[in-house]
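Structural characterization, general
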Amino acid sequence: MPGSVGTVRTEYATFPAPLTLESGAVLAPVTIAYETYGRLNREKSNAILVCHALTGDAHAAGFHEGETRPGWWDGVVGPGKAFDTDRYYVICSNVIGGCKGSTGPASANPATGRPYALTFPVITIRDMVRAQKRLIEHLGINCLAAVAGGSMGGMQALQWAVAYPEAVRKVIAIATTARSTAQQIAFNEVGRQAITTDPAWAGGDYPADSPPVQGLRLARMIGHITYLSDGAMREKFGRNLQDRESVGYGFATEFQVESYLHHQGDTFTRRFDPNSYLYITRALDYFDLAVDDSLAAGFSGVKASFLVVSVSSDWLYPPYQSEEIVNALAANGVDVQYCEIRSNYGHDAFLLENGQLNYLISAFLDHLLVRDVMETGAPTIVERASINDAARIMIENAVNHLPVLAERGDLVGIVTSWDIAKAVACGYGSLDEIMSRSVVTASPDESVTEAARRMEERSISALPVVDADRRVIGLISSDAISTLIGRCA
Ligand SMILES: CC(=O)SCCNC(=O)CCNC(=O)[C@H](O)C(C)(C)COP(=O)(O)OP(=O)(O)OC[C@H]1O[C@@H](n2cnc3c(N)ncnc32)[C@H](O)[C@@H]1OP(=O)(O)O
Ligand SMILES: N[C@@H](CCO)C(=O)O
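Residues numbered from 1 in each chain as written. Chains lettered and ligands numbered in written order. Predicted model: local features only at pLDDT ≥ 70, side-chain atom pairs only at ≥ 80, totals over all residues. Heavy atoms only, no water.

For clarity, the threshold we go by: UniProt positions are given in the numbering used here, feature names are shortened, and annotations may be inferred rather than shown by experiment.
Under the annotation held in an unreviewed UniProt entry, the protein chain carries the name Homoserine O-acetyltransferase and is attributed to Methanoculleus palmolei. The Function (unreviewed entry) field of the UniProt record for the protein chain holds the comment "Transfers an acetyl group from acetyl-CoA to L-homoserine, forming acetyl-L-homoserine." Taken directly from UniProt, the Pathway (unreviewed entry) text for the protein chain runs: "Amino-acid biosynthesis; L-methionine biosynthesis via de novo pathway; O-acetyl-L-homoserine from L-homoserine: step 1/1."

Things to note about the packing of aromatic side chains
The cut-off we apply is this: Two aromatic rings, drawn from Phe, Tyr or Trp (for Trp, its six-membered ring), form a pair once their centres lie within 6.5 Å of each other, and the interplanar angle then sorts them: stacked below 30 degrees, edge-to-face above 60, tilted otherwise. Going along the chain from the N terminus, every DSSP run of H or I of four or more residues is numbered as a helix, and every run of E of two or more is numbered as a strand. Only protein chains enter the accessibility calculation, which uses a 1.4 Å probe; a residue is then buried when its area is under 20% of its type maximum, exposed when over 50%, and partly exposed in between. Throughout this description, the term charge over a ring refers to an Arg CZ or Lys NZ atom that lies within 6 Å of the ring centre and within 35 degrees of the ring normal.
One pass over the full model with this rule turns up eleven aromatic pairs. Aromatic side chains F187 and W315 sit 5.8 Å apart centroid to centroid with 70 degrees between the ring planes, which places their arrangement in the edge-to-face category. On the criterion of sequence distance, the pair formed by F187 in helix α3 (residues 182–196) and W315 in the loop between β11 (305–311) and α9 (319–331) is long-range, its members being 128 residues apart. With a centroid separation of 4.7 Å and an interplanar angle of 45 degrees, the aromatic rings of F237 and Y260 are classed as tilted. Placement of the pair is F237 in the loop between α5 (230–236) and α6 (256–269) and Y260 in helix α6, with a sequence separation of 23 residues. Using a relative accessible area of 16% as the deciding quantity, one classes Y260 as buried. Linked through ring pairs, W72, W73 and F83 together constitute an aromatic cluster. Over the aromatic face of Y164 sits the side chain of K133, whose NZ or CZ is 4.9 Å from the ring centroid. Residue placement shows R220 over the ring face of F268; its charged tip is 4.4 Å from the ring centre.

Things to note about the pattern of salt bridges
The cut-off we apply is this: In the sections that follow, a salt bridge refers to a side-chain nitrogen of Lys or Arg positioned within 4 Å of a carboxyl oxygen of Asp or Glu.
Scanning all chains against the criterion turns up 24 salt bridges. Ionic pairing is found between E407 and R384, a salt bridge with its closest N-O pair at 2.7 Å. A residue pair is termed long-range when its members are at least 10 positions apart, and E407 in the loop between β14 (401–405) and β15 (411–416) and R384 in the loop between β13 (381–382) and α13 (387–397) qualify at 23 residues. Residue classification places E407 among the exposed positions, given a relative accessible area of 59%. Under the relative-accessibility criterion, R384 is labelled exposed at 63%. Between D410 and R408 there is a salt bridge, with its nearest N and O atoms 2.8 Å apart. The structure contains a network of salt bridges with shared partners spanning E189, R192, R282 and D285.

Some details on helix α2 (residues 152–163)
The test is simple: To estimate the expected span of a helix, subtract one from its residue number and multiply by 1.5 Å.
Relative to the 16 Å expected for twelve residues at 1.5 Å per residue, α2 spans 16 Å between its end C-alpha atoms, a close match to the ideal helical length. For α2, the tally of buried residues reaches ten of twelve residues, placing the bulk of the element in the interior. Of all the residues in α2, the buried ones are M152, G153, G154, M155, Q156, A157, L158, Q159, W160 and A161.

Digging into the site of ligand 2
Stated precisely, the cut-off is as follows: Here a residue is near a molecule or strand as soon as one of its heavy atoms is found within 4 Å of it. Polar contact is defined as a pair of N or O atoms within 3.5 Å, subject to the rule that within protein one atom must be able to donate a hydrogen and the other to accept it, and that residues adjacent in sequence are counted only when both atoms are side-chain atoms. To be clear on the numbers: accessible area is Shrake-Rupley with a 1.4 Å probe, and residue cover counts the displayed protein chains and nothing else. With a 1 Å grid spanning the protein atoms alone, the term cavity applies to any set of points in which a 1.4 Å probe fits but cannot get out, the term pocket to an open set with protein on both sides within 12 Å along at least five of seven lines, and the term lining residue to any residue with an atom within 4 Å of a point. Pocket occupancy is defined atom-wise: a molecule lies in a cavity or pocket when more than half of its atoms are within 2 Å of its grid points. When residues are grouped by polarity, Ala, Val, Leu, Ile, Met, Phe, Trp, Tyr, Cys and Pro land in nonpolar, Asp, Glu, Lys and Arg in charged, and all others, Gly among them, in polar.
Taken together, A53, L54, T55, S151, R220, Y227, H347, D348 and F350 make up the full set of residues adjacent to ligand 2. One of the side-chain nitrogen or oxygen atoms of T55 is found 2.6 Å away from an oxygen atom of ligand 2. When isolated, ligand 2 has an accessible area of 260 Å², and the protein chains bury 93% of it. When atoms are counted within 2 Å of each cavity's grid points, the one that captures over half of ligand 2 is the largest pocket. Classifying every residue of the shell around ligand 2 by side-chain character gives four nonpolar, three polar and two charged.

Remarks on the site of ligand 1
Near ligand 1 you find 20 residues, and of these R69, K236, S259, Y260 and H263 are the closest. A distance of 2.9 Å is found between an oxygen atom of ligand 1 and a side-chain nitrogen or oxygen belonging to R220. Contacts to ligand 1 include H263, whose side-chain N or O atom sits 2.6 Å from an oxygen atom. Considered on its own, ligand 1 offers 990 Å² of accessible surface; in the complex 67% of this is hidden by protein. Put simply, ligand 1 lies in the largest pocket. Elements supplying a minimum of two residues to the shell around ligand 1: α4 (213–227), α6 and α10 (349–352).

Encoded structure:
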């Protein structure tokens, strides 16, 4: 039965080293607010980063002490859910430029002791991801099992695959784009104008207790319309009137939809900083993964597998933009799956369609390839080495299997700790006498289930993973498979 991660709290990591931004500006120190759910395994191979959208925060799942509303992606993060915290260590952090604990325009500028306000440097999606990379390293993780997100979260996930191809195995990008369009920039600009033309904005130097609420409220009302579909609005409100029987022939709030938008705008002003809204929407505008106007070129170095999901009624990030991502990835021969979910909710469906999302995401995450779980950098030994050398390497590296390589580097055999014991007992003198020459191997692109079946059939606890030239690129062990596939709880 899917459950909740329970009570959680936000943590903070501060990095004193300067972060050089895409603009060339430098930010220091950088604090990142984050939450984690589940347990990091011994191999540190089960970490998934989930990235929030425009106005989200680090609180993706569970409940903060004393609160009744769960985190923003609680429907898909938790025990038994798509981001199954019985199996994965899920991390969510607030973006830099935000206002939920990470360094942003409302943070104190160390040079003045006053809020940065507009002296805060302009940040990009790439900068947000660079800051997240620091956090991931700080948590001791070299490679993420997956990065996922919707809307701006999806942009960060794509950016991760491009900026750090070796550090992410799977990407889940929902209701998003690889480059902002004129229409998206246009809506962002209207929101920013609403804020900056509010006299209370004061050039960005408003007091913390007197922000430009009217401008921010209006920005959110405009934004919120774009997060819903025409059908969703019709279904929710139709032409219904709010607390009245007939129209009043005036400009008071008469329709339910007006009242709803006012409510959404008002609620937002209690949880968001207007300057952060300016900075983050600017980061959205600048987002463009194309190189020389080619998205295929932009994705040329990626190594991850992708799940791209669009929403049928999303007119802000329409499905054609997801298809562009899919085509650009396919042009690079990248493993990519695409699905358009049927939903009337509009763009915000990525926060609401838990049934479809749980199904799609779990199927994608469960499909593990050998490359997802293999251990790289495992020790090997050359054919002409001695049995003593083999025993020493095994003890020093705490391993029971040593692939044996020819001078050319290709795999010619395997020696196990059992073979060493046999050599001692029977007095064998050379590696050649004890190693197995017919080695059962795995391919990086076969499914883990296949490799595991072969290991079970042959009673073997580890297989060397070889490329087309029989060069050893890793080792897959039954321990690693059971840690990742088996439930830890
Ligand atoms: C994505 C991230 O990374 S995090 C950021 C995501 N979070 C947000 O965007 C928060 C604001 N957005 C929303 O609330 C979004 O609509 C959703 C998608 C998250 C929630 O959608 P739904 O569950 O369908 O909620 P809905 O849009 O109907 O809004 C419900 C609210 O409107 C209020 N409301 C409904 N009808 C009316 C009305 N006629 N007049 C006034 N208020 C109304 C409800 O009372 C409720 O208020 P509350 O949220 O203060 O309790
Ligand atoms: N409603 C969400 C999605 C915006 O893309 C948010 O406010 O972050």
